[in-house]
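# Fold and geometry: a report
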Amino acid sequence: MAFVNLEVSGGVGTIRLDRPPMNALDTALQDRLRELAVEAGARDDVRSVILYGGEKVFAAGADIKEMRAMDHAAMIGRSRALQESFTAVARIPKPVVAAVTGYALGGGCELALCADYRIAGDNAKLGQPEILLGLIPGAGGTQRLARLIGPSRAKDLIFTGRQVRADEALAIGLVDRVVPAAEVYEQAHAWAAKLAQGPALALRAAKESVDAGLETDLETGLAVERTWFASLFATEDRERGMRSFVEEGPGKAKFL
């Protein structure tokens with residue numbers, strides 16, 4: 001049975017977690033998530049992506065019963081696959097928004113961190129509670145969280161394992177927008193649908209330039225930007241965008 005699915009409409013692909021009641025991220029779901037992330041990245045009819053867990057919960061974390069049965073040797077092998085599943089989501093070469101309702105804890109929070117933008121419901125609670133199990137985040141939480149909100153705030157959440165409500169998550173930069181819970185998917189879809197109309201190659205270049213720059217020094221990051229910037233001059237979208245600007249004014253180009 002598939003506990004995560006990819007639904008596509010109007011250029012927007014929704015990767016939907018569907019493992020009631022809490023969307024626990026077991027190994028089968030992790031593996032399928034990686035497959036769908038690769039598929040979403042490769043499909044021409046997918047131009048932007050929403051990560052969504054449903055109206056009540058985003059994802060409450062890993063499947064603890066499954067993890068408890070694993071010993072050190074088993075987790076050495078599994079930990080790489082776990083990280084690779086989330087990294088596949090982070091590397092989707094298209095705009096990705098997380099639509100967060102209810103709990104986004106542990107692996108759920110780490111999955112939201114893989115998105116480019118996070119819209120949370122006013123009922124959302126986010127956190128990295130692994131320390132309460134005698135563990136640390138293992139799906140990118142120690143790395144992506146610190147890059148997003150800074151090391152001190154990341155350490156506070158990781159060291160204490162505490163949950164933050166939507167208003168605090170917004171204040172510290174863990175989410176980018178807070179809306180009524182019933183409007184989370186609608187707002188995420190509006191964000192994704194708008195970008196689905198944009199220049200696909202330029203959006204990919206922008207995403208990869210920002211992400212690559214965060215992982216290296218300024219000089220190298222500028223070289224990445226420069227390479228992408230120049231390469232876009234070979235694209236039809238660049239020609240269309242500039243022609244529209246000259247003939248019609250800014251913001252009127254159509255890229256599909």
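Just above, that's the structure.
Let us look at the structure shown here. Fair warning: this is a prediction, and the values are worked out from it, not measured in the lab.

### Focus: the nonpolar core
Ranked by internal contacts, the top residues of the largest apolar core, which has 46 residues, are L51, F58, L126 and L174. Dropping the residues within four chain positions of it, L126 is found in contact with A104, L105, C109, R162, Q163, V164, A169, L174 and V175. By size, the runner-up hydrophobic cluster in this structure holds 13 residues, among which are Y117, V184, A188 and W191.

### Some thoughts on the sheet that holds strand β8 (residues 163–165)
With respect to topology, three strands assemble into an open sheet ordered β5-β7-β8, the strand pairing being mixed. Edge positions in the sheet fall to β5 (103–105) and β8, since each has one partner strand and no second. For this sheet, the mean inter-axis angle between neighbouring strands, taken without regard to orientation, is 20 degrees. For β5 and strand β7 (residues 125–127), the ladder comprises three bridges, and the chain directions are parallel. Paired with Y103 across the strands is K125, a residue of β7.

### A few points about a nonpolar patch on the surface
Taken together, the side chains of I64, L133 and L135 define a hydrophobic patch exposed on the protein surface, amounting to about 260 Å² of accessible area. Locating L133 in the fold gives a position in the loop between β7 and α5 (141–149).

### Comments concerning the side chain of T27
With respect to the helices and strands, the residue T27 is situated in helix α1 (residues 27–42). On the basis of relative accessible area, T27 is assigned to the buried category, the value being 19%. In this structure, T27 is in contact with E66, M70 and R78, ignoring residues within four places of it in sequence.

### Focus: the packing of α1 against helix α3 (residues 72–90)
Contact geometry of α1 with α3 gives a least axis separation of 8 Å together with a crossing angle of 35 degrees. Judged by the sense of rotation from one axis to the other, the crossing of α1 with α3 is left-handed. Every residue of α3 that contacts α1 at T27, Q30, D31, L33, R34 and A37 is listed here: R78, A81, L82, E84, S85, A88 and V89. Considering only residue class, the contact of α1 with α3 consists of six nonpolar, three polar and four charged.

The rules we used
Residues numbered from 1 in each chain as written. Predicted model: local features only at pLDDT ≥ 70, side-chain atom pairs only at ≥ 80, totals over all residues. Heavy atoms only, no water. Core = buried A, V, L, I, M, F, W, Y, C linked by side-chain atoms within 4.5 Å. Buried < 20%, exposed > 50% of the residue type's maximum accessible area, 1.4 Å probe, protein only. Contact = heavy atoms within 4.5 Å. Pairing = 2+ DSSP bridges. Helix = DSSP H or I, 4+ residues; strand = E, 2+ residues; numbered from the N terminus. Axes fitted to C-alpha atoms, helices over the stretch in contact; angles between N-to-C directions. Patch = residues over 30% accessible without salt bridge, like charges linked within 9 Å, V, L, I, M, F, W, Y side chains within 5 Å. Areas by Shrake-Rupley, 256 points an atom, 1.4 Å probe, with all protein chains shown as cover. Salt bridge = Lys/Arg side-chain N within 4 Å of Asp/Glu carboxyl O. Left-handed = near helix turned anticlockwise from the far one by under 90°. Nonpolar A, V, L, I, M, F, W, Y, C, P; charged D, E, K, R; others polar.

Bear in mind that shape data such as this cannot, by itself, settle questions of function.
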